[in-house]
Amino acid sequence: MSKIVLVTGASSGLGQAIAERLAAQGHTVFGTTRLPRGDVGKVRMIALDVTDDFSVTRAINEVIAAAGRIDVLINNAGVGICGAVEDTGLDEVRRQMETNFFGSVRTIHAVIPHMRAQGAGRIINVSSLAGLVSLPFQAYYSASKFALEALNEALRMELSGTGIDSTNINPGDFRTGFTAARVFTRQALSGRNATQLTTTVGMYERDENKGADPALVATLAARLVVQRRVSVRYSVGRFDQRLMVLVKRAIPAWVFGRMMRAVYAIE
């Protein structure tokens, strides 16, 4: 059955891949971008800044006015801030959380009343494997994704019996514009952690550039849009990265920490 789907952050990367796949399958897809732009193929692009309450409300109302309902919300908009915990200012932390966490909270707040009124709906949050295994020098990115994990687990229980459900997608490294768009904090490359950060982030970039095809995430999202029931979360990407989540659960925390330090050459 064709769905009315809203995909945030659909101008590039995973969001674009998801939006285009859903549109190709016959769904009515609204993609969002912070700056106004023309439609992309069958994807209708609308302006939405997830850090702005008014912008979110206006965009949701625009979709409802055009399509009459929203069946599926896919929260994909995000930013990656890189820097040691001690080298990151509170304003930079707030920027990270405003986009990745509070941005999703805003859109969820905006769509749930409409979904309740129609008696059905699905919320899909694009989280990360970094929301299950924290990454050094990307602690606040991981924190924003860990927060999405907690939000989703609670939200699923709160929505029980409403006809609305939610789930998370947890991608590993994929070949997208995320690497080029990574934002370094003001002190990241000049503070006491700069040398180690450069080494570790170089490993991240190597893995990202050799990452999986975004089509894998698009395929998973397309399945979850129409699937009758969804589980709490779905990991997707390289097997070795997904395996780390299971390893973390199976061994003592101090052993896992030592393993992570070895993987990322942290002395």
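Above: the structure in question.
These notes cover the structure that comes with them. None of these values were measured; they are calculated from a predicted model.

Reading the values: the criteria
- Residues numbered from 1 in each chain as written.
- Predicted model: local features only at pLDDT ≥ 70, side-chain atom pairs only at ≥ 80, totals over all residues.
- Heavy atoms only, no water.
- Axes fitted to C-alpha atoms, helices over the stretch in contact; angles between N-to-C directions.
- Helix = DSSP H or I, 4+ residues; strand = E, 2+ residues; numbered from the N terminus.
- Parallel < 35°, antiparallel > 145°, perpendicular 65-115°, else oblique.
- Left-handed = near helix turned anticlockwise from the far one by under 90°.
- Contact = heavy atoms within 4.5 Å.
- Nonpolar A, V, L, I, M, F, W, Y, C, P; charged D, E, K, R; others polar.
- Buried < 20%, exposed > 50% of the residue type's maximum accessible area, 1.4 Å probe, protein only.
- Core = buried A, V, L, I, M, F, W, Y, C linked by side-chain atoms within 4.5 Å.
- Phe/Tyr/Trp six-rings, centres within 6.5 Å; stacked < 30°, edge-to-face > 60°.
- 1 Å grid on protein atoms, 1.4 Å probe; cavity = no way out; pocket = protein on both sides within 12 Å on 5 of 7 lines; lining within 4 Å.
- Points joined across faces, edges and corners; volume = space filled by probe spheres on them.
- Pairing = 2+ DSSP bridges.
- Expected span 1.5 Å × (residues − 1).
- Salt bridge = Lys/Arg side-chain N within 4 Å of Asp/Glu carboxyl O.

In this section: the packing of helix α1 (residues 13-24) against helix α7 (residues 215-226). Where α1 contacts α7, the axes come no closer than 8 Å and their chain directions differ by 50 degrees. On the basis of their axis angle, the class for α1 and α7 is oblique. As α1 runs across α7, the sense of the crossing is right-handed. Counting all contacts with α1, which are made through L14, A17, I18, R21 and L22, the residues of α7 involved are A215, V217, A218, T219, A221, A222 and V225. A per-class count over the contact of α1 with α7 returns 10 nonpolar, 1 polar and 1 charged.

Moving on, we get to unusual backbone geometry. For F137, which is not glycine, the phi torsion reads 70 degrees and is therefore positive. For F137, the location among the structural elements is in the loop between β6 (121-126) and α4 (139-158). Overall, the relative accessible area of 12% leaves F137 in the buried class. Within the chain, A265 stands out as a residue other than glycine whose phi angle is a positive 55 degrees.

One finds V7, I18, L22, I74 and I169 to be the most contacted residues of the largest nonpolar core, which totals 27 residues. Secondary structure elements with two or more residues in this core: β1 (4-7), α1, β4 (72-75), β6, α7 and β9 (233-236). If we ignore the near neighbours within four places in the chain, the residues touching I169 are I124, N125, V126, S127, S128, V217, L220, A221, L224, Y234 and V236. A59, I64, M115 and I164 belong to the second largest nonpolar core, which has 23 residues in total.

One pair of aromatic rings is described through two measures. These are the centre distance and the angle between the planes. Considering all chains together, one arrives at 3 aromatic pairs under this definition. With 5.2 Å between their ring centres and 65 degrees between their planes, F101 and F102 make a pair best called edge-to-face. Note on Y141 and F178: the rings are 5.6 Å apart at their centroids and 55 degrees apart in plane angle, and the pair reads as tilted. Residue Y141 is located in helix α4, and its partner F178 is located in helix α5 (residues 178-181); the two are separated by 37 residues in the primary sequence. Looking at Y141, the relative accessible area reads 10%, which means it is buried. Assessed through its relative accessible area of 26%, F178 is described here as partly exposed.

Below, the discussion takes up the layout of surface pockets. Its boundaries defined by the atoms lining it, the second largest pocket holds a volume of some 200 Å³. For the second largest pocket, the full set of lining residues is K3, R69, D71, V72, A120, G121, R122, G163, V225, V226, Q227 and R228. Going through the elements one at a time, β6 and α7 are the ones with two or more residues in the lining of the second largest pocket. In terms of residue class, the lining of the second largest pocket is made up of 4 nonpolar, 3 polar and 5 charged.

Once that is clear, we can look at the sheet that holds strand β2 (residues 28-33). Taken together, the 7 strands give an open sheet; going across it, the order is β3-β2-β1-β4-β6-β7-β9, and neighbouring strands pair in parallel fashion. A strand with exactly one partner marks an edge of an open sheet, and here the two such strands are β3 (44-47) and β9. For this sheet, the mean inter-axis angle between neighbouring strands, taken without regard to orientation, is 20 degrees. Of the strand pairs in this sheet, β6 and strand β7 (residues 164-171) are connected by 6 bridges, and their pairing is parallel. Within the sheet, the bridge partner assigned to I123 lies in β7 and is S166. Those strands touched by α4 are β6, β7 and β9, and its axis lies near 155 degrees from that of β7. Relative to the sheet, α7 contacts β1, β4, β6, β7 and β9, its axis offset from that of β7 by approximately 170 degrees.

On to α4, then. For α4, built from 20 residues, the straight-helix expectation of 28 Å at 1.5 Å per residue is met to within 8% by its first-to-last C-alpha distance of 28 Å. Restricting attention to buried positions, one finds in α4 the residues Y140, Y141, S142, S144, K145, A147, L148, E149, N152 and L155. Against the buried residues of α4 lie β5 (81-82), α3 (90-118), β6, β7, α5 and β9.

Attention shifts here to the pattern of salt bridges. The final tally for this structure, using the stated rule, is 14 salt bridges. Notably, a salt bridge pairs R233 with E153, separated by 2.7 Å at the nearest N-O pair. Separated by 80 residues along the polypeptide, R233 in strand β9 and E153 in helix α4 bring together distant segments of the chain. Among the residues examined, E153 registers a relative accessible area of 39% and is labelled partly exposed. R238 serves as the salt-bridge partner of D240, at 2.6 Å between the closest nitrogen and oxygen.

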